[in-house]
Amino acid sequence: MAETRSLEGKTLLVTGGAGFIGSNFIHYLLKNYPRTKVINLDKLTYAGNLDNLKDIEKDPRYEFIHGDIRDRKLVQEVFKRVQGVVHFAAETHVDRSILDAGEFILTDVFGTFVLLDTLKSAPQVEFFLHISTDEVYGSREKGYFKEDASLSPSSPYAASKAGADRLAYAYFVTYNLPIIILRPSNNFGPFQYPEKFIPLFVTNALEAKPLPLYGKGTNVRDWLYVEDNCRAIDIVIQKGKLGEVYNIGANNEVANITIAEKIVSLLEKPRSLFHFVPDRLGHDKRYALDCRKIHALGWKPEREFEEALALTVRWYQENPEWWKKIKERSLEFKTFYEEYYRNRK
Ligand code: NAD
Ligand code: DAU
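Being a predicted model, the structure only gives us computed values, none of them experimental.

It is worth spelling out the site of ligand 1 at this point. The environment of ligand 1 is formed by 29 residues, the closest being I21, D42, T92, Y157 and K161. Between an oxygen atom of ligand 1 and a main-chain N or O atom of F20, the distance comes to 3.0 Å. In this structure, an oxygen atom belonging to ligand 1 sits 2.8 Å away from a main-chain N or O atom of F88. For ligand 1, the accessible surface in isolation is 830 Å², of which the surrounding protein chains cover 96%. Where the shell around ligand 1 is concerned, the elements lending two or more residues are α1 (20-32), α5 (156-175) and β7 (186-188).

Next comes the structure, spelled out in structure tokens:
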């Protein structure tokens, strides 16, 4: 039986709220729940960006705490003030994890451990949503992963997320804590750091720079518009069953090269910008989720892919100051296929 919880009037802790999905989720919450308060705990790594939250920074319902989820004392203090937690904070870029996995283990696994362990002594917290990923299942050529499929992560990022995912489950089973695990597919939309595929390709195309397609460009992802993901998180908070895992996907499988073609076409740029580069190491071919479990809670994606991609492309076109500032910080902004070239020579 599905449970029912309410978000209205609660104070929520969002970890990693200055990142891509976290900042979209904070916007979503403040827009849809006028009496809900949000505390955003974020370390502001290279991927954290307070520009994502400029329009709401003075909203009395919003509070930012600059801090690390591994800081147990700080986390204990913040947990006392909230009734719900949505945990996004993580190192998230697969290519970076291939170059150096250390921070992924420390943040994604150990950081999640600190939060879960703190939850043991915060009995007023009614729910803890752990944001995992579809990458924990690994790749498959055909068929779809259900939530009870075995995990076979293939990048250091995915393996660290799988560790955190199962740790969250272990804390549910062992300590009977109010934990739910979500496994979303590839998100896209506004405020996504431009090292990720779609914003990298859109912003490079706008600058007439090469679009680096890994391998033959035939790898497939299930693309989910970030606003639909936020609605899914909301519905799971309200109706999800404690201890359960929910896949979130759009059943929208698209090959990378097809997306690249759509992007250049939307921007009226030439296909000659395509640049086939050496493949990502251990590159997963395809991710695909069976999402019947979350459909049964009453969620399905609302935005059609073509429309959502056009909206996303337009957002980057209309907000060059947002992404140019990031790309100009050249010491922080690495182009990973160039690193591969260097490392492989
Ligand atoms: P992101 O990289 O854009 O943002 C991550 C945020 O976490 C940043 O603001 C960063 O400063 C913060 N952070 C990192 N380490 C921290 C620490 N130790 N303490 C506090 N804050 C810290 O990430 P995203 O793409 O928005 O992903 C959010 C979550 O969703 C992650 O857990 C990711 O694994 C998961 N996820 C992402 C996608 C996707 O397509 N982007 C899909 C499925 C799941
Ligand atoms: O599936 C969910 C995951 O999606 C999340 O858990 C991760 O945090 C998120 O980064 C994302 O991982 P991917 O590796 O799928 O996303 P990325 O944007 O890095 O790459 C998408 C596809 O595009 C992948 O097949 C690799 C390819 N690619 C990527 C980049 C950055 C290129 O061909 N060229 C590129 O320059």
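Having seen the structure, we can now continue with the description.
Residue placement: R61 occurs in the loop between β2 (37-42) and β3 (62-66). On the basis of relative accessible area, R61 is assigned to the buried category, the value being 18%. Beyond its immediate chain neighbours, meaning those up to four positions away, R61 contacts L30, Y33, P34, T36, K37 and V38.

Moving on, we get to unusual backbone geometry. What is expected of a backbone is that most residues other than glycine have negative phi and most peptide bonds are trans. One non-glycine residue with positive phi stands out, namely A208, at about 55°. With respect to the secondary-structure elements, A208 resides in the loop between α6 (197-206) and β8 (211-214). Not every positive phi belongs to a glycine, and N251 is a case in point at roughly 50°. In this fold, N251 is placed in the loop between β10 (245-248) and β11 (253-255).

So, about the sheet that holds strand β1 (residues 11-15). Across the sheet, seven strands lie side by side as β3-β2-β1-β4-β5-β6-β10; this open sheet has parallel pairing. At either margin of the open sheet sits one strand with a lone partner, and together these are β3 and β10. The sheet shows a mean angle of 20° between the axes of neighbouring strands, taken without regard to direction. Alignment of β1 against strand β4 (residues 84-87), held across four bridges, turns out to be parallel.

Thresholds applied
Residues numbered from 1 in each chain as written. Chains lettered and ligands numbered in written order. Predicted model: local features only at pLDDT ≥ 70, side-chain atom pairs only at ≥ 80, totals over all residues. Heavy atoms only, no water. Near = heavy atom within 4 Å. Polar contact = N/O pair within 3.5 Å; in protein donor to acceptor, adjacent residues only side chain to side chain. Areas by Shrake-Rupley, 256 points an atom, 1.4 Å probe, with all protein chains shown as cover. Helix = DSSP H or I, 4+ residues; strand = E, 2+ residues; numbered from the N terminus. Buried < 20%, exposed > 50% of the residue type's maximum accessible area, 1.4 Å probe, protein only. Contact = heavy atoms within 4.5 Å. Pairing = 2+ DSSP bridges. Axes fitted to C-alpha atoms, helices over the stretch in contact; angles between N-to-C directions.

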